[in-house]
Amino acid sequence: MAAAVASSVRVAAPACRGIVREGSGFGVGDGDLVVTIAHLVVGMEEPEVELADGRKLAAVTVAFDPDNDLAVLRVPGAGLRPLPLSEAAPDGTLGALLAWEAEGMPDPTPFLIDRPVTVRTEPVGGGDRIERPSWLLAADTEVGDSGAALVAELDGRITAVGVAWGASRRGGGGVAYATRAGAVKTLLDTSDLFQPAVLPECG
């Protein structure tokens, strides 16, 4: 778990209308790639990634998936220990959501997977409503937790099973959603991770 925490990052920068937005992310792939949430990076011309060791590095968005609310940043020199990905988590799986706190360090928050669900929502940037395969979670999430890895022990190793993206407006009180890790794998496999991605304009 300590290694998983060390692979977690904060993503922050001025975005639309100059408002500074911040969220969480985590290392994948070659260690210079960070997965975060797509709605966070809209309008960010120069994302900055803060690592657990205190470094702050410039990043470029290299993959963007508006339907699953996922983005991938390339952070040259980050050298993060990547988290393995797996969505083979049964209902009732317990784990930790690795979100960053205001104090400047990731703080593991407990979660429980209630069940897989399909959420009808708008894609990031607007458009017709789509269906997003997600996990329904029991977890107390806060603003800034979006993009955090959901890590759990599966088959004897710590793995990322999803990416937090929002709280339930209906349920509230400790109910949240996460995109399943399979969508992250697909995005990594189908993107040119060395070229800037095309992002929607500020609305």
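Since this is a predicted model, take the numbers as computed values, not measurements.

Visitor: Can you walk me through the pairing of strand β10 (residues 130-138) in this structure?
Guide: Residues in a regular strand project their side chains so that they alternate between the two faces of the sheet. Pairing of strand β9 (residues 106-121) with β10, which is carried by nine bridges, proceeds in the antiparallel orientation. Residue pairing in the sheet places valine 119 in a bridge with arginine 132 of β10. As defined by bridge partners, β10 adjoins strand β13 (residues 175-180) across five bridges and the pair is classed as antiparallel. Its bridge partner lying in β13, alanine 138 is registered against valine 175.

Visitor: Can you walk me through the environment of glutamine 195 in this structure?
Guide: Its place among the elements puts glutamine 195 in the segment after α3 (181-190). Separated by 59 residues in the primary sequence, glutamine 195 and leucine 136 have C-alpha atoms spaced 33 Å apart.

Visitor: What's the story with the sheet that holds strand β11 (residues 149-154) in this structure? I'm lost.
Guide: Two modes of strand pairing occur in sheets, parallel and antiparallel, and in both the strands are linked by backbone hydrogen bonds. Here we have six strands rolled up into a closed barrel, ordered β8-β9-β10-β13-β12-β11, and antiparallel in their pairing. Pairwise comparison of adjacent strand axes, ignoring direction, gives a mean angle of 50 degrees for this sheet. Helix-sheet contacts for α3 involve β12 (157-167) and β13, and the interaxial angle to β13 is about 35 degrees.

Visitor: Which parts of the structure should I look at to understand the side chain of serine 7?
Guide: Inspection of the secondary structure assignment puts serine 7 in the loop between α1 (2-6) and β1 (8-14). Ignoring anything within four residues of it in the chain, the contact list for serine 7 reads Gly25, Phe26, Gly27, Leu80, Arg81 and Leu83.

Visitor: Is there a simple way to think about the pattern of salt bridges in this case?
Guide: Summed over all chains, the structure comprises six salt bridges. Via salt bridges that share partners, Arg10, Glu22 and Glu50 belong to a single interconnected network.

Visitor: Would you explain the pairing of strand β3 (residues 33-36) in this entry?
Guide: Neither face of β3 is open: one carries Leu33 and Val35, the other Val34 and Thr36, and all of them are buried. Sheet analysis places strand β2 (residues 20-28) next to β3, joined by three bridges and oriented antiparallel. Note that in β3 the partner of phenylalanine 26 across the bridge is valine 35. Remark: four residues form the turn of the hairpin made by β2 and β3, two consecutive strands paired antiparallel; glycine 29 in that turn has positive phi of roughly 60 degrees. Here four bridges tie β3 to strand β7 (residues 70-74), and the two strands are oriented antiparallel to one another. Note that in β7 the partner of valine 34 across the bridge is leucine 73.

Rules used in this analysis
Residues numbered from 1 in each chain as written. Predicted model: local features only at pLDDT ≥ 70, side-chain atom pairs only at ≥ 80, totals over all residues. Heavy atoms only, no water. Pairing = 2+ DSSP bridges. Helix = DSSP H or I, 4+ residues; strand = E, 2+ residues; numbered from the N terminus. Axes fitted to C-alpha atoms, helices over the stretch in contact; angles between N-to-C directions. Contact = heavy atoms within 4.5 Å. Salt bridge = Lys/Arg side-chain N within 4 Å of Asp/Glu carboxyl O. Buried < 20%, exposed > 50% of the residue type's maximum accessible area, 1.4 Å probe, protein only.

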